[in-house]
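Listed below are the residues making up each chain.
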Amino acid sequence: RAAEEREAAQAPATTVDGRDVEVGANVGSAAEARLAAEQGADGIGLMRSEFLFLERRSAPDEEDQRCEYQAAVEALGGKPVIIRTLDIGADKQLPYLMLPQVPNPALGVRGVRLWQRHPDLLDSQLRALLRVEPLETLRIMVPMVSDASELHWVRGRMQSLAKEQGLTILPRLGAMIEVPSAALCAASLAEEADFLSIGTNDLTQYVLAMDREDPHLAARADVLHPGVLHLIQATVTGAAGKCPVGVCGAAAGDPLAALVLVALGVDELSVEPARIPAIKAAIRRLDARTLADELPALLRLADAMAVREHLAAWQQASQ
Ligand code: PEP
Ligand code: MG
C-alpha cells in the first residue's frame, strides 16, 4: 500500500475531465528540493533564495550561490526548477545592506524595486544562476513586479550578463503576480514574461489591504475573497495563449482553494512538499469544467465565507 501511494504521488495529476495540472513544490534550499522530489514534485515552482542571504555577515559569493542552485536543479533530475531572485525589503533586513527604516515596508523598496537601487546584488545572483547546468531546466522568477517595464529591465541585465559569459541559451524568465497592478496588466506582462506565477500570500494582502502578518486579520485575509478571485481570473485571462500561469502562494496547498484555482484555468500549483500527494489526489477527483460553471456565481458572492460555503455545498452535491 505504501508503494502504491508513492507511485500515485509520482504520477501526473489529471482532472476527471482530462486537464493535466503540474504540482510543484515550494522550497527554501537544495536539501528541501531533494525532499520534494521524493514526495512526487513535478518540479520546483518556487525556490525562495532568501535563506542564502539571511543570517550571515556578508553576502554569499557567486560560487556559494551557484553550488546551491546547481544542487537544487540536480535534485529534480530534469524537471523544471524555478528559482526566485532575492525578495528582500525593509521588513527583512540584511546586516550587510543597511536599509532605512520606513513606515510601510510592505509598500516600500522591496523585491525588484530594491535591485534597481542596488543592481550589483541582482547581478551577482544572475551570474551564479547563469552558471547552472543545464539552463534549459532552470527558470528565474522576479518578485514584486508591478508592470512589464520592471521585468524588461531584469531581462536586459540577464541578457548582457549572459553575453559576458558567452552563453547562447538563456533560462526562461518569469514574473510573480503579487501586486494588483501586475494582475490587471497581465496581458502586457505576459508579452515580456516566459511564465507568470501568482503569489497569493502577497496578492491577498495587497488586494484586501490586510497585513499578512496581522493575527487579527488572518481569518479574513482569505484568497477565496471574490475580490482576489477576480484578479486571479484577470491574470489567467490576460496571459491566455501567451504564457503559462502558476500559483505558488499558500492557496495552492489549500485543498478547496486549489480546486478553484484549477477551475479558473491555472496550469501549475506549487505547494509545500508534504502537501503534494493530497493536492494531486484532490485534482484527480475534480471535474474542472463542472466547477468552472460555478465560477460566475462564486465571483458574485459577498465575501470569502460565502465562497467557502458555496464550495462546500457544491462539493457535497457533486461527490
Ligand atoms: C507569495 O507572496 O504568495 C509568495 C509565494 O511569496 P512569499 O510568501 O515568499 O512572499
Ligand atoms: Mg510574496
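Residues numbered from 1 in each chain as written. Chains lettered and ligands numbered in written order. Predicted model: local features only at pLDDT ≥ 70, side-chain atom pairs only at ≥ 80, totals over all residues.

Per an unreviewed UniProt entry, the protein goes by the name phosphoenolpyruvate--protein phosphotransferase and belongs to Litchfieldella rifensis.

### Some details on the site of ligand 1
All residues in the neighbourhood of ligand 1 are listed as L46, R48, D87, E178, G199, T200, N201, D202, C248 and G249. Among the secondary structure elements, those contributing two or more residues to the shell around ligand 1 are β3 (44-48) and α10 (200-208). Among the elements that take part in the shell around ligand 1, α10 stands out by supplying three residues, more than any other. For the shell around ligand 1, a count of residues per class yields two nonpolar, four polar and four charged. (Near = placed C-beta within 6 Å. Helix = DSSP H or I, 4+ residues; strand = E, 2+ residues; numbered from the N terminus. Nonpolar A, V, L, I, M, F, W, Y, C, P; charged D, E, K, R; others polar.)

### Thoughts on unusual backbone geometry
The step from E133 to P134 runs through a cis peptide bond, and the omega angle for that step is -10°. You can see P134 is positioned in the loop between α6 (119-130) and β5 (138-142). With a phi close to 60°, M144 is a non-glycine residue in the positive phi region. Of note, the phi angle at A209 is positive, near 55°, even though the residue is not glycine. Tracing the chain through its elements places A209 in the loop between α10 and α11 (226-239).

### A word on helix α2 (residues 30-38)
Turning to α2, its buried residues number three or more, namely E32, A33, A36 and A37. Buried residues of α2 fall within an arc of 145° about the axis and therefore sit on the same side. The secondary structure elements touched by the buried residues of α2 are β2 (20-27), β3 and α4 (62-75). (Buried ≥ 20, exposed ≤ 12 C-beta atoms within 10 Å, placed from the backbone. Arc of directions from axis to C-beta. Contact = placed C-beta atoms within 7 Å.)

### Section: the packing of α4 against α6
It is the contact of α4 with α6, at a shortest axis distance of 8 Å, that shows an interaxial angle of 45°. When the axes of α4 and α6 are compared, the pair comes out oblique. Handedness of the crossing formed by α4 with α6: right-handed. Judged by residue contacts, E62, Q65, R66 and Y69 of α4 engage S124, Q125, R127, A128 and L129 from α6. Its residues assigned to classes, the contact of α4 with α6 comprises three nonpolar, three polar and three charged. (Axes fitted to C-alpha atoms, helices over the stretch in contact; angles between N-to-C directions. Parallel < 35°, antiparallel > 145°, perpendicular 65-115°, else oblique. Left-handed = near helix turned anticlockwise from the far one by under 90°.)

### A closer look at the pairing of strand β4 (residues 81-84)
Where burial is concerned, the two faces of β4 agree: the one with V81 and I83 and the one with I82 and R84 are both buried. Pairing of β3 with β4, which is carried by three bridges, proceeds in the parallel orientation. Paired with M47 across the two strands is I83, which belongs to β4. Of the strand pairs in this sheet, β4 and β5 are connected by four bridges, and their pairing is parallel. Note that in β5 the partner of R84 across the bridge is M141. (Pairing = 2+ DSSP bridges.)

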